[in-house]
Amino acid sequence: MSETRRLELLPAVDVADGQAVRLVQGEAGSETSYGDPLAAALAWQNAGAEWIHLVDLDAAFGRGSNRDLLAEVVGKLDVKVELSGGIRDDASLEAALATGCRRVNLGTAALETPDWVRSAIGRHGDKIAVGLDVRGTTLAGRGWTREGGELFETLARLDADGCARYVVTDVNKDGTLTGPNLQLLRDVCAATDRPVVASGGVSSLDDLRAIATLVPEGVEGAIVGKALYAQAFTLEEALEAVSR
Ligand SMILES: O=C(O)c1ccccc1NCC(=O)[C@H](O)[C@H](O)COP(=O)(O)O
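All values derive from a computational prediction rather than experimental measurement. (Residues numbered from 1 in each chain as written. Predicted model: local features only at pLDDT ≥ 70, side-chain atom pairs only at ≥ 80, totals over all residues. Heavy atoms only, no water.)

## Focus: empty space enclosed by the protein
Part 1: Enumeration over the complete set of coordinates arrives at two cavities of 30 Å³ or more.
Part 2: There is about 70 Å³ of room inside the second largest cavity.
Part 3: Lining the second largest cavity are 14 residues, and of these P180, N181, L185, S199 and G200 lie nearest its centre.
Part 4: Looking at the lining of the second largest cavity, the elements that each hand over two or more residues are β10 (166-170), α8 (182-191), β11 (196-199) and β12 (219-224).
Part 5: Per-element tally for the lining of the second largest cavity: the top contributor is β10, with three residues.
Part 6: In terms of residue class, the lining of the second largest cavity is made up of nine nonpolar, four polar and one charged. (1 Å grid on protein atoms, 1.4 Å probe; cavity = no way out; pocket = protein on both sides within 12 Å on 5 of 7 lines; lining within 4 Å. Points joined across faces, edges and corners; volume = space filled by probe spheres on them. Helix = DSSP H or I, 4+ residues; strand = E, 2+ residues; numbered from the N terminus. Nonpolar A, V, L, I, M, F, W, Y, C, P; charged D, E, K, R; others polar.)

Below, the structure is given as structure tokens:
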């Protein structure tokens with residue numbers, strides 16, 4: 001009998017101007033600061049996290065970079081890191097992978113330079129995930145400021161290119177504590193056989209339990225940001241909630 005897999009949790013550390021911050025719906029200027037990114041990441045690691053979702057928001061918005069700081073954070077962690085934000089060419093990809101992160105998350109590049117993404121997937125396999133950031137079924141790129149195509153057409157193309165995994169975010173939910181878009185997750189899982197990491201909107205332990213019911217459909221993990229920083233629950237409670 002096959003064992004039911006447990007939902008993986010990925011606490012988010014989003015970095016802008018050297019600080020851990022939370023945004024509302026990914027909008028620049030909506031930041032609330034939560035201090036030192038390394039301290040935040042170490043706190044999640046000490047609380048039992050197996051993964052950290054680490055985002056360079058300045059690189060995502062094309063207004064700067066926290067590359068050295070993020071490399072330092074990855075180097076000081078023992079847990080797996082998913083690195084995201086502004087990875088769009090060979091230089092940024094090689095720099096991201098050189099940090100020792102477990103995988104990178106490509107967003108804008110998957111919409112704007114599909115040939116390069118196909119080549120990156122061919123070279124790096126499951127070290128590449130693609131972020132599908134949507135409003136409705138319209139994809140968003142460039143720090144979620146530009147529209148970039150239709151979700152299911154892009155998903156079919158990326159599946160054909162061998163993409164190993166998708167990080168699916170409902171931009172309108174992100175940072176709002178209004179609950180995940182479960183129907184979006186179901187629809188994406190129905191359209192691909194690749195694992196899906198859910199992102200955006202988690203507000204409660206019940207939200208995590210609801211996402212966990214989708215593990216048999218293909219949801220592998222959930223990124224949790226604002227709810228942890230707002231102390232809606234602790235990471236220990238979250239890990240316990242998805243352990244059964
Ligand atoms: O991940 C990115 O590359 C990114 C780019 C531009 C704006 C935001 C981006 N990521 C944000 C996140 O990954 C959030 O931390 C995550 O969705 C958690 O959301 P929430 O639990 O609603 O705070």
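After that view of the structure, there is still more to cover.
## Observations regarding the nonpolar core
Part 1: Membership of the largest hydrophobic core comes to 69 residues, with the highest contact counts inside it found for V13, L54, V104 and L208.
Part 2: Contact partners of L208, with chain neighbours within four places excluded, come to L7, L9, V202, A222, V224, F233, A238 and V242.
Part 3: In this structure, A12, W51, V167 and I223 belong to the second largest nonpolar core, which totals seven residues. (Core = buried A, V, L, I, M, F, W, Y, C linked by side-chain atoms within 4.5 Å. Buried < 20%, exposed > 50% of the residue type's maximum accessible area, 1.4 Å probe, protein only. Contact = heavy atoms within 4.5 Å.)

## Observations regarding helix α6 (residues 114-124)
Residues separated by three or four positions in an α-helix point in the same direction, a consequence of the helix having 3.6 residues per turn.
Part 1: What α6 keeps buried is the set W116, V117, A120 and I121. Seen from one end, α6 has its buried residues packed into an arc of 140 degrees, which puts them on one side. Exposed and facing more than 90 degrees away from the buried side of α6 are D115 and G122.
Part 2: The elements touched by buried residues of α6 are α4 (90-98), β6 (103-106), α5 (108-112), β7 (128-135) and α7 (151-160).
Part 3: Just downstream of α6, G125 is the residue with a positive phi angle, here 50 degrees. (Arc of directions from axis to C-beta.)

## What about the UniProt feature "active site" (unreviewed entry) in the chain?
Part 1: Look at the UniProt record and you will see "active site" (unreviewed entry) annotated at D14 and D133.
Part 2: Turning to its location among the elements, D14 is positioned in strand β1 (residues 8-16).
Part 3: A residue is classified by how much of its surface remains accessible, and D14, at 9% relative accessible area, is buried.
Part 4: Not counting the four nearest positions on each side in its chain, D14 is found in contact with Q19, A20, V21, R22, V55 and L57.
Part 5: Position of D133 among the secondary structure elements: in strand β7.
Part 6: Taking relative accessible area as the criterion, D133 reaches 10% and is therefore assigned buried. (UniProt positions renumbered as here; feature names shortened; annotations may be inferred.)

## Let's talk about the pattern of salt bridges
Part 1: Taken as a whole, this structure holds 14 salt bridges when the rule is applied.
Part 2: A salt bridge links D115 to R118, with the shortest nitrogen-to-oxygen separation between them at 2.9 Å. Of this pair, D115 and R118 are both found in helix α6, three residues apart, which corresponds to roughly one turn of the helix.
Part 3: Taking relative accessible area as the criterion, D115 reaches 54% and is therefore assigned exposed.
Part 4: For R118, a relative accessible area of 36% translates into the label partly exposed.
Part 5: In this structure, R209 and D206 form a salt bridge, with 2.6 Å as the shortest nitrogen-oxygen distance. (Salt bridge = Lys/Arg side-chain N within 4 Å of Asp/Glu carboxyl O.)

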